[in-house]
Structure formats: structure tokens, C-alpha cells
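A look at the structure
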Amino acid sequence: MRKFFKILGWTLLAFVVLLFAAGSLFIYKVKNGFPVSYETEKPSISIPADKPAILLFSKTTGFRHEESIDASSLVLRSLCHKNPSWYLYETEAGGIFNPEQLAQFEVVIFDNSTGRVLDDAQQASLEKYVENGGTLMGIHGAGDDSHHWDWYEKNLLGAKFSHHPLNPQFQKAQVSLQDTTFSPGLSTTFEGNDEWYVFLNQPKDATIVYSIDGDKILPSGNMLWMKDKNFGMGKNHPVAWYKMVGKGKTFYTSMGHSKEVWANPDFVSLIEGAIKWGYKK
Ligand SMILES: [Zn+2]
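To keep things clear, this report deals only with the structure shown in the data block. Note that the coordinates shown come from a computational prediction; the quantities given were computed from them, not determined experimentally. (Residues numbered from 1 in each chain as written. Predicted model: local features only at pLDDT ≥ 70, side-chain atom pairs only at ≥ 80, totals over all residues. Heavy atoms only, no water.)

Moving on, we come to the overall build of the protein. Summing up its helical and strand segments, the protein has six helices and eleven strands in all. With the C-alpha coordinates of the protein rotated into their principal frame, the extents come out at 85 × 50 × 30 Å. Burial status across the protein gives 49% buried among its 281 residues. For the protein, the proportion of contacts with a sequence separation of at least 24, taken over those separated by at least 6, is 75%. Roughly 14300 Å² of accessible area belongs to the protein as shown, and the carbon and sulfur atoms make up 59% of that amount. Of note, the protein has its 28 positive side-chain charges centred 6 Å away from the centre of its 30 negative side-chain charges. (Helix = DSSP H or I, 4+ residues; strand = E, 2+ residues; numbered from the N terminus. Buried < 20%, exposed > 50% of the residue type's maximum accessible area, 1.4 Å probe, protein only. Contact = heavy atoms within 4.5 Å. Areas by Shrake-Rupley, 256 points an atom, 1.4 Å probe, with all protein chains shown as cover. Lys, Arg positive; Asp, Glu negative; His and termini not counted. Charge placed at Lys NZ, Arg CZ, Asp CG, Glu CD.)

In this section: the environment of Tyr89. Along the chain, Tyr89 falls in strand 2 (residues 87–91). Sequence separation of Tyr89 and Lys51 is 38 residues, and the distance between their C-alpha atoms is 12 Å. Ignoring anything within four residues of it in the chain, the contact list for Tyr89 reads Pro43, Ile45, Ile54, Leu55, Leu56, Ile96 and Phe105.

Taken together, His65 (NE2), His140 (NE2), Glu195 (OE) and His257 (ND1) make up the protein donors of the zinc ion, found 2.0 to 2.2 Å from the metal. Ordering the donors of the zinc ion by residue number gives the pattern H-x74-H-x54-E-x61-H. A residue pair is termed long-range when its members are at least 10 positions apart, and His140 in the loop between strand 4 (135–139) and helix 5 (150–157) and His257 in the loop between strand 11 (248–253) and helix 6 (265–279) qualify at 117 residues. Judged by relative accessible area, His140 falls into the buried class, the value being 0%. Residue His257 is classed as buried on the basis of its relative accessible area, which comes to 15%. (Donors = N, O, S within 2.8 Å, 3.2 Å for Na, K, Ca; no water.)

What follows is about the packing of aromatic side chains. Using the criterion set out here, one finds 20 aromatic pairs in the structure. Both rings, one in Phe161 and one in Tyr197, keep their centres 4.7 Å apart while their planes meet at 70°; by these two values the pair is edge-to-face. Of this pair, Phe161 sits in strand 5 (residues 161–163) while Tyr197 sits in the loop between strand 7 (189–194) and strand 8 (198–199); the two residues are 36 residues apart in sequence, bridging distant segments of the chain. Comparing Phe161 with Tyr197, the two get one shared label, buried. Following the ring pairs from residue to residue traces out a cluster consisting of Phe57, Phe97, Phe110, Trp149, Trp151 and Tyr152. Taking the ring centre of Trp277 as reference, the NZ or CZ of Lys249 above it sits at 4.6 Å. (Phe/Tyr/Trp six-rings, centres within 6.5 Å; stacked < 30°, edge-to-face > 60°. Lys NZ or Arg CZ within 6 Å of the ring centre and 35° of its normal.)

What follows deals with the pattern of salt bridges. For the structure on display, the rule yields ten salt bridges. Between Glu39 and Lys59 there is a salt bridge whose closest N-O contact spans 3.1 Å. Here Glu39 is found in the loop between helix 1 (2–32) and strand 1 (53–57), whereas its partner Lys59 is found in the loop between strand 1 and helix 2 (66–82), with 20 residues between them in sequence. Under the relative-accessibility criterion, Glu39 is labelled partly exposed at 24%. Between Glu272 and Lys276 there is a salt bridge, with its nearest N and O atoms 3.5 Å apart. On the criterion of helical spacing, the pair formed by Glu272 and Lys276 is a turn pair, its members being four residues apart in helix 6. Each of the salt bridges in this network shares a partner with another, and the network as a whole consists of Arg64, Glu66 and Glu92. (Salt bridge = Lys/Arg side-chain N within 4 Å of Asp/Glu carboxyl O.)

Okay, here's the thing in C-alpha cells:
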């Protein structure tokens, strides 16, 4: 009998140790990113020299907004029909992030791209691309805190992601135009229904394009043991902004969680306006 309890004791101890190790590993991965594979092979592409080329990049190694990514691809293709001079290249492989191929694009869009998606050399290529006059755009998940890339956070966002509301996760809000750089074509107000990202600060050195009234949403992201996630950004809650970075530019919108957002003509006009602004030198 004593032997039985001895075995039971050791088994329980081993179980607790294993559980602790697995838990620690999970927390480490959430904080530092999951192991990622990088694509280093350069794709063979030929981009027409006379067309503004757009790189739609949807690789994810963090949360994947599958439906939004699929819907965005269809919308971007239809925008290219509307603007026949545009050339669209879609990929989820990072091999294209090299100096000579990036230089052929006017606009690079991180389309709900999450997690660490590029290796060090590819990240450096994108940094140089923007600083030398390129445009980087980010949509929704591209602004969460899964990227672990200081340059990106500083220059695309200028703000640190905190959380998104959970109670409820999706809320309606009036989205109000604050800047007319992308006009004409943008509505002064429209109703958005989205997962309104909350950042820890107002975007630094940015021009706000659209904002919502932060006092009119419920920003709480509290769950189980995670508390203090009910603070917002205050009344002035930006949801789309742009920045000038060296000779280049960046644009980010926190809207775009669901596929329904891509059916909203006001949101699509914002993306179209940002692309046009992005390739205008
Ligand atoms: Zn989302």
C-alpha cells in the first residue's frame, strides 16, 4: 500500500512539474512570439514599370483574421478594376522583402498580418524601403502587439497596443473624419461596427484621419485574472492615422476585424484614398 502511495505521489509531482513547464513555455511564447519559419527565396515576378504596384501581404504567425483577409483580397482586386493603372501582387511569403523587389512597389500593405513575419534582413529591407520614400500601410491586426519589432511599432503605429474590448467585443460607433488629406471621396461620418483596438497612448507624430468618441464605447478588456483592461484612450479615440517617416509615409487603421467591414463602402473609400495618397510622390 505504501508503495502505491509512493508511486501516486511521484506521478502527481511529475504531472505538476510538466504542467508548470508547459504553462511557462506558453507564457514565454505569447510574450516573445511563436517559432516562425521565414521564406528567404525571392519570388520571380515581373511588375509593369508604368503602373503603381501594391504589395498585399497577409502572412500571419499570430492571430489570423481569415475572413477579413479573404474579403480584403476580393475588395483590393475590385479596386484594381476601378483603377486599371494599379498592379496588385498578393503574397504570404516574405521572400519579396528584399531591396530590389520592394523598390518596385509604391505601397506595401500589412493586411491583418500578425506576429513576427519577416527575418532580420527582410525587416531591415522594409525599414529602408519606407525611409527612402516607400509607403507602408497596416490594417487592424497589423497594429496589435504580436510583431516584436520596435521600428515597426514606432513608425507604423506610434502607439502601443493595449487590448480590444471584450464586453462586448464588437460595438457600433460613429466614425468621424478629422483630416481631409485623403478627400475627396471620404465620408465626414459613417457608422462602423468593429473590434475597436485600444492603445496605451495617442499615436505619436501622426495625423488622425478618422476617430470615434471613446466615451461612447465600452473599452473593457477584462477577463478572468486579467484586470485593469477597462481603460480607453479617452474621448479622442483615433481609428485611422498617417505618419511621415524619412522620405516615406505610413498609414494605419485599427478597423477591419471582420469581412463585413470590407462590405462598408466608407471603409473601402478610406483604403482606396490611403493607397492613392501612398503612391503620390
Ligand atoms: Zn481583430
